[in-house]
Structures are given as structure tokens and as C-alpha cells.
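Results of the structural survey
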Amino acid sequence: MGYILNLLPRTVFLDKLSIHDGPDWLQHKRRSYTGKLANFRMPYDALPALQGRGELAGHAKSFVNHRIYTPNGGELNAFPHIQTLREFPKEELSAKVVLVRFDSNIFIKQHEQLTQSVSNAVRTIKYLHEAGAKVILASDWDTDSKVSHAESVADFLSEVLQIQIVPLQNLSCNKLSRLEGPKKPDILLVENLSKFKEEVANSLEFAKELTSGVDIFVNDSFSHSHKVLASTVGVTRFCYACMAGFHFEESLYLLENVTDATRKPYVAIIGGSHFYNKAAALRFLTSRCQGLVFVGMMSFQIMHALGVSVPLDLVELKACNEALHIVQLAQDRNMQILYPKDFWCRNESNPKQLQAFPSHSILDGWVPVDLGPASLDEIGSLLGTSKAYPFEINWNDLYADPAQPLFVDIGSGNGLFLLEMARRRKDLNFLGLEINEKLVRRCLESIHHFGIGNGHFIATNATSTFRSIVYRYPGELILVSILCPNPDFNKPEHRWRMLQRSLIEAVTDLLSPGGKVFLQSDVEEVAIRMKEQFLRYGKGKLNMVHDQVQCNGRSNWLKENPFGVRSDWERHVLDRGAPMYRLMFSKSAHASEANW
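Thresholds, definitions, all that
The numbering scheme is per chain: residues are counted from 1 as the chain's sequence reads. Restriction of local features to residues with pLDDT of at least 70 applies here, the model being predicted, together with a cutoff of 80 or more for giving and counting side-chain atom pairs; totals for whole chains, interfaces and linings are based on all residues. Based on all heavy atoms of the structure, the side-chain values leave hydrogens and waters out of the count. UniProt positions are given in the numbering used here, feature names are shortened, and annotations may be inferred rather than shown by experiment. When DSSP finds two or more bridges between two strands, those strands count as paired. Per the convention used, a helix needs a DSSP run of H or I reaching at least four residues, while a strand needs a run of E reaching at least two, with both numbered from the N terminus. Axes here mean lines fitted to C-alpha atoms, for a helix over just the part in contact, with angles spanning 0 to 180 degrees between N-to-C directions. Residue contacts are counted whenever heavy atoms from the two residues lie within 4.5 Å of one another. Think of it in three bands: residues with accessible area under 20% of the maximum for their type are buried, residues over 50% are exposed, and the middle band is partly exposed, with areas taken using a 1.4 Å probe on protein chains only. Just to be clear on terms, a salt bridge is a Lys or Arg side-chain nitrogen sitting within 4 Å of an Asp or Glu carboxyl oxygen. Angular relationships are summarised with four words: roughly parallel below 35 degrees, roughly antiparallel beyond 145, roughly perpendicular across 65 to 115, and oblique for the angles in between. Gly is put with the polar residues, along with every residue not named as nonpolar or charged; the nonpolar set is Ala, Val, Leu, Ile, Met, Phe, Trp, Tyr, Cys and Pro, and the charged set is Asp, Glu, Lys and Arg. Definition of nonpolar core: a set of buried residues of the types Ala, Val, Leu, Ile, Met, Phe, Trp, Tyr and Cys, connected through side-chain atoms within 4.5 Å. Side-chain atoms alone can form a polar contact between residues adjacent in sequence; in general such a contact is a pair of N or O atoms within 3.5 Å, and within protein one must be able to donate a hydrogen while the other accepts it. For Phe, Tyr and Trp, where Trp contributes only its six-membered ring, two rings pair if their centres lie within 6.5 Å, and the inter-plane angle classes them as stacked under 30 degrees, edge-to-face over 60, or tilted in between.

Within an unreviewed UniProt entry, the label attached to the protein chain reads Phosphoglycerate kinase, and the organism entered is Acacia crassicarpa. In UniProt, the protein chain has this text filed under Cofactor (unreviewed entry): "Mg(2+)". Per UniProt, the comment on the protein chain under Subunit (unreviewed entry) is "Monomer."

Concerning the sheet that holds strand S4 (residues 134-138)
Here six strands make up an open sheet; going across it, the order is S5-S6-S4-S3-S7-S8 and the pairing parallel. At either end of the open sheet lies a strand with only one pairing partner, and these are strand S5 (165-167) and strand S8 (241-244). For this sheet, the mean angle separating the axes of adjacent strands, direction not counted, is 25 degrees. Examined bridge by bridge, strand S3 (residues 97-102) and strand S7 (residues 216-220) share five bridges and lie parallel to one another. Bridge pairing in S7 links Val-100 to Val-218. Taken strand by strand, helix H5 (residues 150-161) contacts S3, S5 and strand S6 (187-189), and its axis lies near 175 degrees from that of S5.

What about helix H18 (residues 501-510)?
For H18, the buried fraction is high: seven of the ten residues fall into the buried class. Residues of H18 that are buried include every one of Ser-502, Leu-503, Ile-504, Glu-505, Ala-506, Val-507 and Thr-508, and no others.

Considering the pattern of salt bridges
This structure, assessed with the given rule, holds 13 salt bridges. One salt bridge in this structure joins Arg-101 and Glu-199, with 3.5 Å as the shortest N-O distance. Within this pair, whereas Arg-101 is found in strand S3, its partner Glu-199 is found in helix H7 (residues 197-200), the two being separated by 98 residues in sequence. One salt-bridge network, held together by shared partners, links Arg-101, Asp-140 and Glu-199.

Some thoughts on the packing of helix H11 (residues 296-305) against helix H12 (residues 320-332)
At a minimum axis separation of 9 Å, H11 and H12 run at an interaxial angle of 70 degrees. Judged on the interaxial angle alone, H12 and H11 are roughly perpendicular. Residues Gln-301, Ile-302, His-304 and Ala-305 of H11 form the contact with H12, whose own contacting residues are Cys-320, Ala-323, Leu-324, Ile-326 and Val-327. Classifying every residue of the contact of H11 with H12 gives seven nonpolar, two polar and no charged.

Notes on the sheet that holds strand S12 (residues 342-347)
Strand pairing in a sheet is mediated by backbone hydrogen bonds. Such pairs are either parallel or antiparallel. Taken in spatial order, the three strands of this open sheet run S13-S12-S14, and their pairing is antiparallel. For this open sheet the edge positions go to strand S13 (354-358) and strand S14 (366-371), each flanked by a neighbour on one side alone. Recorded for the sheet is a direction-independent mean angle of 45 degrees between the axes of neighbouring strands. Pairing geometry for S12 and S13, over five bridges, is antiparallel. From the neighbouring strand, Cys-345 faces S13, where its bridge partner is Gln-355.

Points about the nonpolar core
The biggest cluster of nonpolar side chains holds 39 residues, and the ones touching the most others in it are Phe-275, Phe-294 and Ile-302. Of all the secondary structure elements, the ones that give two or more residues to this core are strand S9 (267-270), strand S10 (291-294), H11, H12, strand S11 (336-338), S12, S14 and helix H13 (373-383). With sequence-adjacent residues up to four places away left out, Phe-275 is seen in contact with Leu-282, Phe-294, Met-298, Gln-301, Ile-302, Glu-316, Ala-319, Glu-322, Ala-323 and Ile-326. Membership of the second largest hydrophobic core comes to 37 residues, among which are Tyr-399, Phe-534, Tyr-537 and Tyr-581.

Focus on the side chain of Ser-203
By the element assignment, Ser-203 lies in the loop between H7 and helix H8 (204-210). Assessed through its relative accessible area of 15%, Ser-203 is described here as buried. A polar atom in the side chain of Ser-203 sits 3.2 Å from the side chain of Glu-205. A polar side-chain atom of Ser-203 sits 3.2 Å from the main-chain amide nitrogen of Phe-206. Setting aside chain neighbours within four positions, we find Ser-203 in contact with Glu-198 and Ala-230.

Some remarks on the packing of aromatic side chains
Scanning the entire structure with this criterion turns up 15 aromatic pairs. Between the aromatic rings of Phe-196 and Phe-206, the centroid separation amounts to 5.5 Å while the plane-to-plane angle is 40 degrees, which identifies the pairing as tilted. Placement of Phe-196 in the loop between S6 and H7 and of Phe-206 in helix H8 is noted, with a sequence separation of ten residues between them. Aromatic side chains Phe-534 and Phe-585 sit 5.7 Å apart centroid to centroid with 25 degrees between the ring planes, which places their arrangement in the stacked category. Of this pair, Phe-534 sits in helix H19 (residues 524-537) while Phe-585 sits in strand S23 (residues 581-587), and the two are 51 residues apart along the sequence.

Quick notes on unusual backbone geometry
The phi angle at Gln-162 is positive, at roughly 60 degrees, despite the residue not being glycine. By secondary structure assignment, the location of Gln-162 is in the loop between H5 and S5. We classify Gln-162 as exposed; its relative accessible area is 60%. Backbone geometry at Asn-334 places phi at a positive 55 degrees, although glycine is not the residue there. Its place among the elements puts Asn-334 in the loop between H12 and S11. The exposure class of Asn-334 is exposed, given its relative accessible area of 74%.

Right, dumping it as C-alpha cells:
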């Protein structure tokens, strides 16, 4: 569940997603191309074949290199050969009508984090626009969010891309024609595709309407590549050239790198639902991985196959044989399968009431809503020794000097502590890891506003991603801080879930010789547990710093914050006269310790 896993100014809308009656530049005639463009013709059913449909399996064989199995016993490759926008002659884009299927979530939810995904998604649209193409954008988005109406989505994207976008909705031919003057829109945005049942049904009539007048199709929505949709599959029948955008290309490249991983164990985390539809992909993972971790609704299917008692209403009956087959494949390979050992469940009659139950004995009237503490400990321990993805970070883009020593604050919150530290210590780089995306967006805004070149923040669950993020850093990790974790001490069952064995081991492994770990809490029980956890899982490499005094006569704690910069919560606690419990570990080394 969630714990484990982590364009243009103004616009115009289509009522029926048809652009038959649009401006002249949409009325391109179908043409046939040969020579250097011939490679960009898309075989009609190539993509559906990759979804595991048996009747199309043979058609897709020529596109793949790795074997996976289809429901009828045939074989498919893991990855097809994908034609890309990068390979397409740029001069051929001029004056062409290009339909771009993009992922709106990348812009709406991630654009302020400056990730590589955002950069590549923006690059695709700007590249086409600058090449002189007439661009039509198509996507689906959450109708419950603040950015839900096509007009607001268009305005939002316009601000992000700094290019004019016009939403297409309820506009007659005459109204569209009047847009063809000096104010003709640069880019058009099609209505929200999630409103149309024909989209999910991959209706060819719907796809034909969507591509009327379109020359070229660019798929830049990698997150939808596993689905058979009219806007990703059906449209390929009606365009003379079909290719992947820069975001799709980069995502596929990262996925291919995962399959080439040599570090063991190689573990796949599998969530969601619809086990039967994903059986071919699961068989492929079972053939390649050393471990499978099932979460979400998928876990009940695999638990049922393993003989664990689970409510039958949580089991997809038509997928039982598929689940048994995967269990058998895993057992034949002596492969580890993890499933949740417990769940946090919500009482159906009292939604505010939560209780942890063993996965095999969930009581009637209780609904699973999240992984339980025992499950998190077991999964976290396994992931601590695994290769983690998808964090591929270009450190040169984040820091003026990526070779400087690194200070990481885990659970950086509103970032005030790290931002002030970055201002004071220009000789160090600072990285905040925070699970709350809204707080991270605000911190990144502050980084940009104040021109801080040695600070950055990432929205992530550090427990499962700390190792994959930090081990690629080109400089030394000299200090890690964890400040005031989980200040809501009224909920002991949720207390300090962040500090798991896998995180402590990752910090210990990556910390440079002489590097330090600073821990702080206003709850003494939490501070004591942190100390015990680091002593237990620090592999004998962490020693307590001895500059400590007694606090309330119960234990030894650091008297002062050694950095001279208080976190926001620390200010709040000390202002009301409450004590803070601090301690410091130093990693054993012959090298001299960091100068603090």
C-alpha cells in the first residue's frame, strides 16, 4: 500500500472528441510515407499483444527479446522495440498535426519537485511545438481535485509550460474557425478522457474521432502503457507515424535497466488489484526475480493460493488458477514470496476506529486499509538488502558542487532547519527527505526563491528509498539527522514507524568514516527506542558521543543542539518549557571526524 510504494496559457474543448470540423490545419489528408519515415509505421495490434492477449501473441513476437508467458501458454518478450521521437526527423514535424497522449499527474502532482519525469514530459511538448507541429494534448485526470475542469487544467498547464493552450469543449465549427486569426491557439487540450466509456473499451470509432485530421501520434504516458485504451492503442491505427515521447523513452530505459540488475536479491513489489489481467506480467517477474512482495488487493489472492484463510469476498475467483501457477513457479525456483502478516483495519460501523489484525483472522465488520507493523518490519528488512528503484538522480542538476560532503535530514518537515543550515554552511550540501509532498513543494519553492545552491528536498518514504537515493551521491555522507519524529505521542501504535531496521542499516553502511547521526525527540520513550534501535542494528560501527548530561535523572542526553539551528518543532517544545532528548552517534573510523 502507500507506505511501501511512494502546459499552456488558455485552452479549447471538444464535446464529442471530434475535430472533423476544426480549423484548416486539422484537416490534413491521409498520406502514405516511405523511405526514412517507413520505420515509424505502427503495426495495428502490437501494443494490445503486450497485454497478454493470446490471439495477438504471435503478432508481437517479432518485437521482443525477453520471454514472458501469455495465458494460452505462448511466449512474449518483456520489451518491444519502440520507435522514439528522438529518432524521428525533426524537419518532418513542421506543420504536422501531432496528438500527444500525456500523463497529467506528472504535471499536476510532480511538477514542483523538478524530477526527471517532469523535465522529459515538458520537453516532449516543447520540442514538438518548437519544431512547428500543431499539437493536440489528450489525457485523463482526477475529477475530484482542484484542477479538475478542462479550463483549469489548461490554465495550469499553460503556466507550467509557458505556452498557450486552449481547451476544446462544446465549440461549433464556426467558433473554431474564428480562432484562426492572429490569436490562433498554439496547443489544444482535449476534454478529460476519463469521462468517456469508449476510452476504456478501446473503441475504434472513438479512436478514429480522436485522431481525425491527425498525422502523428506520440505516446508519452508510460503509466498507461499496461492498459488497452483508445487513446494509447486504438489511435495507432489511424496515424501514419507512431512513436514514444521523451518521458516514455526514459521510463522504458529505466525499466530495462532494472531487468539487467545484477545485485541480489532482485525483488518486485506488487500491488493493486485485477490479478487475472496481470497474470502474464506476474509470471515474467516470477521468472526473473529472487523475491516477490505482494501488497494491496493482490496479497489476498496470493495468500488464498498459499492456503492462508482470507475472506472470500477479497479473492478474485477467476484468478485462482493463475495464482496457484505463480506460487508453483516460485516454489520451483526456491523463490521467496512475502505477503502481509497483519493489517490495520477500519471498523465499518465506526470508520474512526482502527485496529491491527493478523492477516489470517480479520474479524467480520473490519476492512483492511493499510499494512500492519509486523508486515512493515518484515518487508523493510528484505528491501534493505535489495536494489531499490526508481531514484536515478542527476546530482549536477541539484547542487552547484555535488562533490561537497552531504548532510541528510530524514523527515525534514517544513524544511526550516535544513534551509537555515544550508545558508550557514556553504561548504556542505543538504538533502531533505520528507513523505509529505505538499511540504516538499513549499521547501523547493523556498530553495528557488532564495537561490540556495546547496540544498534540495525529495518527496519520498526514506525507510524504503534512503539507500537507493544516497548511495549514488558522488561525495561523502557525513551526517544524518532525525528530528522530533512522530510528535503525536498519543498514538503509541503508530509511534516511530519510520525507524525500521532497513533504514538504520542503510544509514550505517553509507555513512562515511567519522560521520555522525543526530537523533532528537521531545518524547523520551521515542528517543530511548531510537537509541536502542541504532545500537542493535548499527552493525557495531556506531558509538555514542560522550558529551552528554543527565536529564531528569533517568538517562544521558546531549544538553544542547550541536548545530545552533533549531527545527520548528524544537522551537515549539522549548518555548513551552518542555525538555528535548538528544543523542549523537559517530561511525567508527581511523579518519578524523567531521568538524562540527
